Amino acid sequence: MATKLPKVPIVIVGMGWVGGIIAAELTKAGHSVVGLERGKSRNTQDYYHVHDELRYASRYELMQDLSKETVTFRNTSKLRALPMRSYGSFLLGDGLGGAGVHWNGQYYRFLPYDFEIRSKTIERYGAKKIPEGMAIRDWGIKYDELEPYYVKYEQMAGIGGEPTTPANVGAMSKAFPVGPMKKTPAMKLFEDSASKLGYHPYVIPSANLTEVYKNPDGIERAPCQYCGYCERFGCEYGAKADPVVTVLPVAQKSGKLDLRTHANVTEILHDGKKATGVRYVNTPTGEEYIQPADIVIMSSYLFSNVRLLLLSKLGTPYDPVTDTGSVGRNYAYQVNGASTSVMYEDREFNLAMGAGALGSSIDDFNGDNFDHSDLKFLHGANIRFTQTGMRPIQYQPAPTGTPKWGATFKKETLHYANRILTVAAQGSSMPWRHHYLDLDPEYKDALGLPLIRLTFDFEDQDRELVKYIAGKTKEIADGMGGTKTEIHDSIKQYNIVPYQSTHNTGGTIMGSDPKTSVVNNYLQMWDAENVFICGASAFSHNSGFNPTATVGALAYRAAEGIAKYIAKPGSLV
Ligand SMILES: Cc1cc2nc3c(=O)[nH]c(=O)nc-3n(C[C@H](O)[C@H](O)[C@H](O)COP(=O)(O)OP(=O)(O)OC[C@H]3O[C@@H](n4cnc5c(N)ncnc54)[C@H](O)[C@@H]3O)c2cc1C
Ligand code: SF4
């Protein structure tokens, strides 16, 4: 029997970047908030001995425990889905700060084109350019409307970047608060080659802090040491902006945040029109609690956001056959796979020095920054060279054809450790009618509740994109002065086993039509006005960029919407 707790004004489910930002904004405004996080508490001191690749990068210390809850996957709806039993394609966050603790910190605003993708595509190429089944749509918000919220995130996190950005990305009303990361010799080679080709390289904007910085909330942090143990690790210097060192201390200091870790939410309680609270299980004891609340904020990442709505029977589940309903619609991923490696027999680089967001990139072939008239794909990719460190277990560069073990493997990987640079692309991912999330009819979590099921595959659009963009990576790589280049220009079926990217999007998308979207542009649920569903689940497609800048900007906007709703409840913001 669940223990019923006293009613609270606001409950937040999931305390990563999104939960942390919203908690900070609401508590600063004087509102009391309960934050429920299924994982454990953490802080910077936990990472003083963090350079343990086996523990963090290979055994996924900071990620969700897949033996308790996972995702099932299939390529098409004709197949039976199977559970992801060990980590592969993406790594799910768990614990205070969520995936924001072990992210890289590469910070990119989406392009203005992204928010109006459908109308801009039709305007330039005609409606026939959009293939049957491709579910792109305008987001219901424009870049200029979201721009002030990007600024808020940048000031809070201390994003470092060049004073001006190229004309082919969104205009910025305020410069980044600190300067860019250092430019390594390898980054310079990439930038010089790209510039000679007429492209517009720039140092990747970074949430790895580049100098001592005090943010508008008074939080002061130390700069990055380029330690190279960043992606998949917490930062022992507090230099990587994460929720635990930025927004959560602000909420905690206000005295208005009641933070409960090990609190696994299993249901959003509602009366059909409005949420009345949530049900959660204290994971160490197994005790169940009901937390009544006036407002429920879902910030539990897209798989949990969608799953909890479906488990709670809140909103209309998406049906891919009839193309009706909204919860679970428009899942998209990221299309990596286009790259060219450059080998240097006559020179070595110091690739052990690195940081999660260290690198340079171009957007000349991203979004609609180039003519797609004769191309069989839409959108494009951010092309980049990154230098994220050289950790001994997982970093084993060698030319294709090198054996995967034995004496030759050892010899070649030692020889090439500091001699291979890779120009890679991060491709956009379009939503399709037949890519979606629903509840698995067969597999359940440790509590006996159905798992979320993912139905997804790469399409011809993705294969064409990879082929074309790979050609561009080769052009740049050829100009980088190596002795040999090796192009990778094809992808096959999507396979959940190898790691690719934790940039999943969609499932509770925003829009202007309540029939085909779940939330409005304040991320307020159409079907339950006191529920706000936040995070990348609101994206209706994925850009050729990392998502967290837009996740953060939307969280700031949602916080504003929630404050408006508190001031004037009883309607949509
Ligand atoms: C290795 C890696 C590198 C990345 N690098 C970059 C990068 O360079 N740039 C970039 O833009 N993005 C990057 N990302 C993505 C970035 O980490 C995410 O976009 C961001 O952290 C999402 O924040 P969130 O708050 O929406 O979700 P999360 O960080 O996933 O937080 C959700 C929280 O909700 C909790 N939760 C889930 N279900 C429940 C439940 N039922 N009850 C209670 N709590 C629950 C989880 O435990 C988690 O703490 C990276 C991700 C990974 C894994
Ligand atoms: S690379 Fe920089 S930001 Fe990343 S963990 Fe190391 S010191 Fe921290």
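Residues numbered from 1 in each chain as written. Chains lettered and ligands numbered in written order. Predicted model: local features only at pLDDT ≥ 70, side-chain atom pairs only at ≥ 80, totals over all residues. Heavy atoms only, no water.

Chemist: Mind showing me how you'd approach the site of ligand 1 here?
Modeler: In the vicinity of ligand 1, 36 residues are found, and the nearest of them are Glu37, Ala99, Gln106, Ser304 and Thr548. A distance of 3.0 Å separates an oxygen atom of ligand 1 from a polar atom in the backbone of Val18. Between Asn264 and ligand 1, the recorded distance is 3.2 Å, taken from a side-chain N or O atom to a nitrogen atom. In isolation ligand 1 offers 1,000 Å² of accessible surface; the protein chains occlude 98% of this area. For the shell around ligand 1, the per-class residue count stands at 14 nonpolar, 18 polar and four charged. (Near = heavy atom within 4 Å. Polar contact = N/O pair within 3.5 Å; in protein donor to acceptor, adjacent residues only side chain to side chain. Areas by Shrake-Rupley, 256 points an atom, 1.4 Å probe, with all protein chains shown as cover. Nonpolar A, V, L, I, M, F, W, Y, C, P; charged D, E, K, R; others polar.)

Chemist: Hey, could you run me through the UniProt feature "domain: Glucose-methanol-choline oxidoreductase C-terminal" (unreviewed entry) in the protein chain in this one?
Modeler: Mapped onto the present numbering, the UniProt feature "domain: Glucose-methanol-choline oxidoreductase C-terminal" (unreviewed entry) falls on residues 439–555. Segment residues 439–555 splits into 23% helix and 20% strand. End C-alpha atoms: 26 Å apart. (UniProt positions renumbered as here; feature names shortened; annotations may be inferred. Helix = DSSP H or I, 4+ residues; strand = E, 2+ residues; numbered from the N terminus.)

Chemist: Mind showing me how you'd approach the site of ligand 2 here?
Modeler: The environment of ligand 2 is formed by 13 residues, the closest being Cys224, Gln225, Cys227, Cys230 and Cys235. Its residues placed into classes, the shell around ligand 2 shows eight nonpolar, four polar and one charged.

Chemist: Sorry if this is basic, but what is going on with the packing of aromatic side chains here?
Modeler: The geometry of an aromatic ring pair comes down to the distance between the two centres and the angle between the two planes. Inspection of every chain in the model, using the stated rule, returns 37 aromatic pairs. Judged by centre distance (6.3 Å) and plane angle (85 degrees), the ring pair of Tyr107 and Phe176 falls under edge-to-face. With Tyr107 in the loop between strand 5 (82–83) and helix 3 (112–115) and Phe176 in the loop between helix 5 (143–157) and helix 6 (185–196), this pair connects stretches of sequence that are 69 residues apart. Here the aromatic rings of Tyr318 and Tyr436 are separated by 6.0 Å at their centres, their planes lie at 70 degrees, and the arrangement is edge-to-face. Taken together, the positions of Tyr318 in the loop between helix 8 (301–311) and strand 13 (329–332) and Tyr436 in strand 18 (residues 436–444) put the pair 118 residues apart, joining distant regions of the chain. For the pair Tyr318 and Tyr436, one class covers both residues: buried. Taken together through their ring pairs, the aromatic side chains of Phe73, Phe90, Tyr301, Phe303, Tyr331, Tyr333, Phe456, Phe458 and Tyr494 make up a single cluster. (Phe/Tyr/Trp six-rings, centres within 6.5 Å; stacked < 30°, edge-to-face > 60°. Buried < 20%, exposed > 50% of the residue type's maximum accessible area, 1.4 Å probe, protein only.)

Chemist: Looking at this model, I keep getting lost on the pattern of salt bridges. Mind explaining?
Modeler: Charged atoms that come close allow side chains of opposite charge to pair. This model, assessed by the stated rule, comprises 27 salt bridges. The salt bridge partner of Lys28 is Asp217, with a shortest N-O separation of 2.8 Å. With a gap of 189 residues between them, Lys28 in helix 1 (residues 17–28) and Asp217 in the loop between strand 7 (213–214) and strand 8 (220–221) connect regions that are remote in the sequence. Overall, the relative accessible area of 29% leaves Asp217 in the partly exposed class. Through salt bridges with shared partners, a single ionic network connects Arg38, Glu69, Asp94, Arg307 and Asp445. (Salt bridge = Lys/Arg side-chain N within 4 Å of Asp/Glu carboxyl O.)

Chemist: Explain the packing of helix 1 against helix 5 here, please?
Modeler: The description of two helices packed together rests on the angle between their axes and the distance between the axes. Following both chains from N to C, one finds helix 1 and helix 5 inclined at 90 degrees, their axes separated by 13 Å at the closest point. By the angle between their directions, the pair helix 1 and helix 5 is classed as roughly perpendicular. Contacts between helix 1 and helix 5 involve Trp17, Ile21 and Glu25 on the former and, on the latter, Lys152, Tyr153 and Met156. In the contact of helix 1 with helix 5, the residues fall into four nonpolar, no polar and two charged. (Axes fitted to C-alpha atoms, helices over the stretch in contact; angles between N-to-C directions. Parallel < 35°, antiparallel > 145°, perpendicular 65-115°, else oblique. Contact = heavy atoms within 4.5 Å.)

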